[in-house]
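Examination of the molecular architecture
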Amino acid sequence: MSEQENIYNPDQREESVDYKAIFLKFFRYWYFFVLSIIIALTIAYFFNKYATPVYEISSRMLINDPEKVDPQTMIGMGSYGRVQNNIQNEIVVIKSYTVVNRTIKKLDFYVSYYAEESFKTTELYKNSPVEVIFDSVVPQPIGLDFYMRPLGNNEFELTATGENIRYYNYTAHNVVPEMSVPILEYNATHRFGEKIETPYFSFTLVKTSLYDPDYDEGSEYRFLFNNIDYLTRFYRSVSVDPIAQNTSIIRLSLRGVNINKMVDFLNMVMKEYLIIELEDKNKTSENTIAFIDQELAELEDSLSNTETDLRNFMTENKVMNLETQTDFYFSNLYELQNEKAALLVKAKYYDHLKEYVIKDEGDMLIPPTMGVEDNVINGQIQSLIALYAEKVDMLSTSTEKNPFLTSLNEKIDLAKRTLLVSINNIISTSNITIESIDERIEAIYEKIADLPDLDRELFNIQRQFGIKNSLYTYLLQKRSEAQIRLASSFPDSDIIDFAMNEGQSPVTPKKSFNYMIALFFGFIIPFLFIFLKDYLNDKIIDKKDVEKLTKYPIIGHILHSTKLTNLVVSGAPKSSIAESFRSIRTNLQFMAKGKEKQTILITSDMVSAGKTFVSINLSTIFAMNGKKTLLMGFDLRKPKIYQDLGLTNTVGISSYLINKSSLEGIIQKSPVENLDVVMAGPVPPNPSELIASEKTDTFFEELKKIYDYIIIDTPPIGLVTDAFLLMKYADNNLFVVRQGYTNKKVFASIIKDIENREHPHISILINDVKLSKSSYGYGYGYGYGYGYGYGYGYGYYTDDRDMEKPGVVRRILKG
């Protein structure tokens, strides 16, 4: 592509993604990436070092369904263990407040001990050099941190500070509501083994076998009394899940920082679950035995009296046995009476069960099960007990106002009514059977009435004895069976794997993963910073920013100047900045197409874009080329060129336009050979009217006869219209855009207005371009051989040593 096409037809360039430019845009900030990654890895290192490791401990249990066990196979009576309808129910039971609370009470969780180290606190579960011995009857302050420091000579310093201290009774296992201390401060020295008794606490601190005077003296330890209710709620977070579908094996898991403590809890909660399960099963046998013992106590005296009457009758009448016919009647009657006795016992139990259900006040225990052989009633009692268990568990975490509890109470009432209907039906059926037996017994009595008086009287006595003896024997048999079942009872579930405290790796922190995360964020943070900085930037940075906003060509660029003066070309003619102005000069001459003389207008959108800097140095570079050059300060509102050139502004353009000065009187010689200067002169009240006057036409006609190149410095075109009025006198109009300063929206608005006015010969000049060794494209440098006569590269020119590269920290802060 030719230089002419490059200048005049920027829109015809093929749009493509410049991957090299994108790469170099980020590579320019390599130090930011390195520093960010180092900081991120350092944070990850200290986090891995000082973060408290979190472990996950697990165990497994086999949950058997007691419904698979026939309750009649043991002693011929009903059996009611805790309800385990399915695995999900048992998971709720294991995590219930009752089971967890009983587990906590059996473990040594009442006092927690900690070692205070730098940046880290470690719990000393079963590993503390000291131990607190306290009287469980005396309430102790909960949640209050006691700090203990061994001093030597069997002494230690005890310190405690807290507010709104509450107290816990470890005998009743509840918070004492009437005890509270608003502020507690304590600091004293005590001896190990000495009872520390104050109005606020009472305990004794003793050494354990782990106490090492060389290590522990001077160290600081902390301990506190725990709220068992709080610990219960905390440990109910234990995770309990089936290991797979359609299996009755469950996995218990718990996360925490102390492996030994979690292992003890998981193992104990499994044991306690089995104990509670066995206790519930044994309640059936225990209640049955208690019921039978009560019946036997009432029956023993009556049986003993009847036995005495029979023995006395037979002794007095010298009767050893009944006759054959009488014995036949007696045998039939004995069988009927045994059958009736069993029915009466069962009927009495059903009456007892009915009364038990009716009198229930909301906390139903497992009733005795002797005589319950009806599977329907067995199931109904089982369901009712399950509902009560659910209610107890719900009450442990909520109040009576819970709407779910109201619904549960309605279910319980319905279950009780259904059970009572079933019991009444059984009682009615038993009464019908007993009436049938009574009729058969009555028939035998009618036949016995025909027997001799002696036989009949003996028969009656033996009948009474037989009835009571049969009933007594029956009860003894059932009691023995219940005792056998109680002695041989075992839980339905079993422990498969106990929790282990060996070979456990921490769940967190995962060191390698944390380093990977650190690398990721160490890279992504500077990446996002650079991306967002570029995305949210509203200043013109890149050459493409200009090309997207206007169809006018870019004539060239001016590098950033580190000089304190605007006279950079005359002061350093071999500098890189001077060479960039030579590049602009070459391009202007190329655009003139052989025209010997040119008038060049320089303007910008807003102030501080560098148009005066460009005007002074561009006119200087033409003058240094041997061309007779004139620099015109046509900013009649804020003249300032005279300050940079060390000239005066007493007379100038304004005085000439109002006919107070001649043309020769306003032209001043500059320090640069071949360069003359016309200052703005005194600030007039009507700058725009002066510029639009016919006098201005004459002014330029005269000047163009004298000079080869005329450089016009104008006010910002975005603020006043002066530049528009002067454009008709110019052969080329340079619009100065400053990198990193010119606002995109302001530039787009102004340049669009210029395009709509169809002003000819407009070119864009980029000012204050900052180069770096890794730059590519202007905005990050123009690179080598831009095509405008500038191509020696950074580091070639004599003053490049002045363009010192800022330090890494400075560049990071500057962004």
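Calculation rules
Residues numbered from 1 in each chain as written. Predicted model: local features only at pLDDT ≥ 70, side-chain atom pairs only at ≥ 80, totals over all residues. Heavy atoms only, no water. Helix = DSSP H or I, 4+ residues; strand = E, 2+ residues; numbered from the N terminus. Areas by Shrake-Rupley, 256 points an atom, 1.4 Å probe, with all protein chains shown as cover. Pairing = 2+ DSSP bridges. Axes fitted to C-alpha atoms, helices over the stretch in contact; angles between N-to-C directions. Buried < 20%, exposed > 50% of the residue type's maximum accessible area, 1.4 Å probe, protein only. Polar contact = N/O pair within 3.5 Å; in protein donor to acceptor, adjacent residues only side chain to side chain. Salt bridge = Lys/Arg side-chain N within 4 Å of Asp/Glu carboxyl O. Contact = heavy atoms within 4.5 Å. Expected span 1.5 Å × (residues − 1). Arc of directions from axis to C-beta. Phe/Tyr/Trp six-rings, centres within 6.5 Å; stacked < 30°, edge-to-face > 60°. Lys NZ or Arg CZ within 6 Å of the ring centre and 35° of its normal.

Things to note about the overall build of the protein
- Summing up its helical and strand segments, the protein has 26 helices and 22 strands in all.
- Put simply, the protein shows about 41,600 Å² of open surface, and 53% of that area lies on carbon and sulfur atoms.

Considerations on the sheet that holds strand 9 (residues 195-197)
- The three strands lie next to each other as 4-10-9, forming an open sheet whose pairing is antiparallel. Each having just a single partner strand, strand 4 (130-134) and strand 9 make up the two edges of the open sheet. Adjacent strand axes in the sheet meet at a mean angle of 30 degrees, parallel and antiparallel pairs treated alike.
- Summarising the sheet, strand 9 and strand 10 (residues 202-207) pair through three bridges and their orientation is antiparallel. From the neighbouring strand, I196 faces strand 10, where its bridge partner is F203.

Focus: the side chain of D264
- By the secondary structure assignment, D264 is in helix 9 (residues 259-317).
- Exposure remark for D264: the relative accessible area of 19% places this residue in the buried category.
- Within polar-contact distance, the side chain of D264 engages the side chain of K126 at 2.8 Å.

A word on the pattern of salt bridges
- Taken as a whole and assessed by the stated rule, the structure comprises 23 salt bridges.
- Residue D676 pairs with K628 through a salt bridge whose shortest N-O separation is 3.9 Å. In this pair, D676 is assigned in strand 19 (residues 675-678) and K628 in the loop between helix 18 (611-624) and strand 17 (629-633), connecting sequence segments 48 residues apart.
- Judged by its relative accessible area of 33%, K628 falls in the partly exposed class.
- The residue R738 makes a salt bridge to D768 at a minimum N-O spacing of 3.1 Å. Highlighted residues: R738 in strand 21 (residues 732-738) and D768 in strand 22 (residues 762-769), separated in sequence by 30 residues.
- Classification of R738 by relative accessible area gives partly exposed; the value is 27%.

Remarks on the side chain of N514
- Here N514 lies in helix 14 (residues 511-536).
- Accessibility expressed as a relative area gives 17% for N514, which makes it buried.
- Aside from chain neighbours lying at most four places away, what touches N514 is A44, F47, N48 and P509.

So, the pairing of strand 6 (residues 146-152)
- The sheet contact formed by strand 6 and strand 7 (residues 155-169) spans six bridges and is antiparallel. Note on strand 7: the bridge partner recorded for R149 is E157.
- Here strand 6 folds back onto strand 7 in antiparallel fashion, the turn holding two residues, of which N153 has a positive phi close to 55 degrees.

Observations regarding the environment of P139
- The topology assignment puts P139 in the loop between strand 4 and strand 5 (140-142).
- When its relative accessible area of 18% is taken as the criterion, P139 is described as buried.
- Sequence separation of P139 and F201 is 62 residues, and the distance between their C-alpha atoms is 7.5 Å.
- Among residues more than four places away in sequence, those in contact with P139 are Y167, Y168, N169, V176 and M179.

Considering helix 25 (residues 744-757)
- The first and last C-alpha atoms of helix 25 sit 20 Å apart over 14 residues, in line with the 20 Å expected at 1.5 Å per residue.
- Listing the buried residues of helix 25 in full gives F747, I750, I751, I754 and E755. One side of helix 25 holds all its buried residues, which, seen down the axis, span an arc of 145 degrees. In helix 25, the exposed positions angled more than 90 degrees off the buried face are occupied by K745 and N756.
- Those residues of helix 25 that are buried are in contact with helix 15 (543-549), helix 24 (722-726), strand 21 and strand 22.
- Of the residues that open helix 25, the one with a side-chain oxygen 2.8 Å from the backbone nitrogen of K745 is N743.

Topic: the sheet that holds strand 21
- In space, the eight strands of this open sheet follow the order 15-22-21-16-20-17-19-18, with mixed pairing throughout. Bordering the open sheet on either side are strand 15 (554-559) and strand 18 (667-669), each of which pairs with just one other strand. Strand-to-strand twist of the sheet, defined as the mean angle between neighbouring strand axes without regard to direction, takes the value 25 degrees.
- Each of strand 15, strand 16 (598-604), strand 20 (709-713), strand 21 and strand 22 touches helix 17 (residues 576-592); the most contacted strand, strand 15, lies at about 165 degrees to it.
- Helix 18 contacts strand 15, strand 16, strand 17, strand 19, strand 20, strand 21 and strand 22 of the sheet and is inclined by roughly 170 degrees relative to strand 20.

Digging into the packing of aromatic side chains
- Within this structure, the stated rule accounts for 38 aromatic pairs.
- Aromatic pair F109 and Y125: ring centres 5.7 Å apart, planes at 75 degrees, arrangement edge-to-face. One end of the pair, F109, is in the loop between helix 6 (97-106) and strand 2 (111-117); the other, Y125, is in the loop between strand 3 (120-123) and strand 4, and 16 residues separate them in sequence.
- Relative accessible area serves as the criterion here: at 1%, F109 is assigned to the buried category.
- The rings of Y110, Y113, F134, F146, Y168, Y170, Y186, F201, F203, F223 and F225 are connected pair by pair, giving a single aromatic cluster.
- For R738, the ring lying beneath its charged end belongs to Y741, and the centroid distance is 5.4 Å.

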